[in-house]
Amino acid sequence: MRCPYCRADDDKVVDSRSADGGGAVRRRRECLACGRRFTTHERIDEVALLVRKRSGHTELFDPAKLSAGLEHAVAGGAVDRGTVGMLVSEIEEEARASGPEVSTEWIGRAVLERLRVLDAVSYLRFASVYKGFEGIADFEREFVELQKTTAPKPRPAGS
Ligand SMILES: [Zn+2]
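Everything numeric here is computed off the predicted structure, so don't read it as measured data. (Residues numbered from 1 in each chain as written. Predicted model: local features only at pLDDT ≥ 70, side-chain atom pairs only at ≥ 80, totals over all residues. Heavy atoms only, no water.)

## Re the coordination of the zinc ion
The protein atoms that coordinate the zinc ion are Cys-3 (SG), Cys-6 (SG), Cys-31 (SG) and Cys-34 (SG), at distances spanning 2.3 to 2.4 Å. Geometry at the zinc ion is tetrahedral, judged from its 4 donor atoms and the angles of 106 to 116 degrees they form at the metal. The exposure class assigned to Cys-3 is buried, which follows from its relative accessible area of 0%. Exposure remark for Cys-34: the relative accessible area of 31% places this residue in the partly exposed category. (Donors = N, O, S within 2.8 Å, 3.2 Å for Na, K, Ca; no water. Tetrahedral: all angles 85-135°; square planar, octahedral: opposite > 155°, others 65-115°. Buried < 20%, exposed > 50% of the residue type's maximum accessible area, 1.4 Å probe, protein only.)

Set out below in structure tokens:
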């Protein structure tokens with residue numbers, strides 16, 4: 001690591017601690033040429049998570065975009081912002097586990113699976129955007145589907 005004071009490239013680490021919840025390491029270094037101390041932050045290179053769109057193009061996964069889409073769907077519904085944030089990180093984690101690339105359909109399904117359990121209104125609103133519903137008939141069909149698949153299904157313990 002090059003010293004910011006004298007530009008010498010010779011130092012020793014005098015202290016090392018984890019920062020940013022374990023996502024980064026903060027190191028205190030001492031320059032062996034001039035004796036001054038400086039700090040470096042080392043961050044783990046995150047593996048890019050890509051989303052393949054229907055057009056065939058890929059873009060970087062953007063949690064803010066997913067969060068905005070979700071918040072739009074749940075506005076006035078029974079799902080609060082904290083839950084939205086939780087859903088977004090859950091989905092991102094799952095996407096990374098099955099990545100490095102997922103499709104928009106994959107993300108849509110992951111969202112719908114969760115909303116279906118949480119709130120029927122939010123589920124239908126999100127489904128209408130995601131599936132590109134055009135008329136009330138689409139909603140009705142989806143609603144019948146919803147009732148079929150959520151009929152007395154016990155929720156797993158502890159969730
Ligand atoms: Zn120096």
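## Considerations on the packing of helix 2 (residues 81–98) against helix 3 (residues 104–118)
The contact between helix 2 and helix 3 brings their axes to 10 Å, and the two run at 140 degrees. It follows that helix 2 is oblique to helix 3 by the angle criterion. With respect to the hand of their crossing, helix 2 and helix 3 are arranged in right-handed fashion. Taking contact as the criterion, the partners of Thr-83, Leu-87, Glu-90, Ile-91, Glu-94, Ala-95 and Ser-98 in helix 2 are, on helix 3, Trp-106, Ala-110, Val-111, Arg-114, Leu-115 and Leu-118. Along the lines of polarity and charge, the residues of the contact of helix 2 with helix 3 split into 8 nonpolar, 2 polar and 3 charged. (Axes fitted to C-alpha atoms, helices over the stretch in contact; angles between N-to-C directions. Helix = DSSP H or I, 4+ residues; strand = E, 2+ residues; numbered from the N terminus. Parallel < 35°, antiparallel > 145°, perpendicular 65-115°, else oblique. Left-handed = near helix turned anticlockwise from the far one by under 90°. Contact = heavy atoms within 4.5 Å. Nonpolar A, V, L, I, M, F, W, Y, C, P; charged D, E, K, R; others polar.)

## Details of the layout of surface pockets
What the largest pocket holds in volume is close to 500 Å³. Surrounding the largest pocket, 18 residues form its lining, Lys-65, Leu-66, Thr-104, Ile-107 and Phe-126 being those nearest its centre. Those elements that place two or more of their residues in the lining of the largest pocket are strand 5 (58–60), helix 1 (63–74), helix 3 and helix 4 (120–130). If you tally residues by element for the lining of the largest pocket, the top one is helix 1, at 5 residues. Among the residues making up the lining of the largest pocket, the classes are represented as 9 nonpolar, 4 polar and 5 charged. (1 Å grid on protein atoms, 1.4 Å probe; cavity = no way out; pocket = protein on both sides within 12 Å on 5 of 7 lines; lining within 4 Å. Points joined across faces, edges and corners; volume = space filled by probe spheres on them.)

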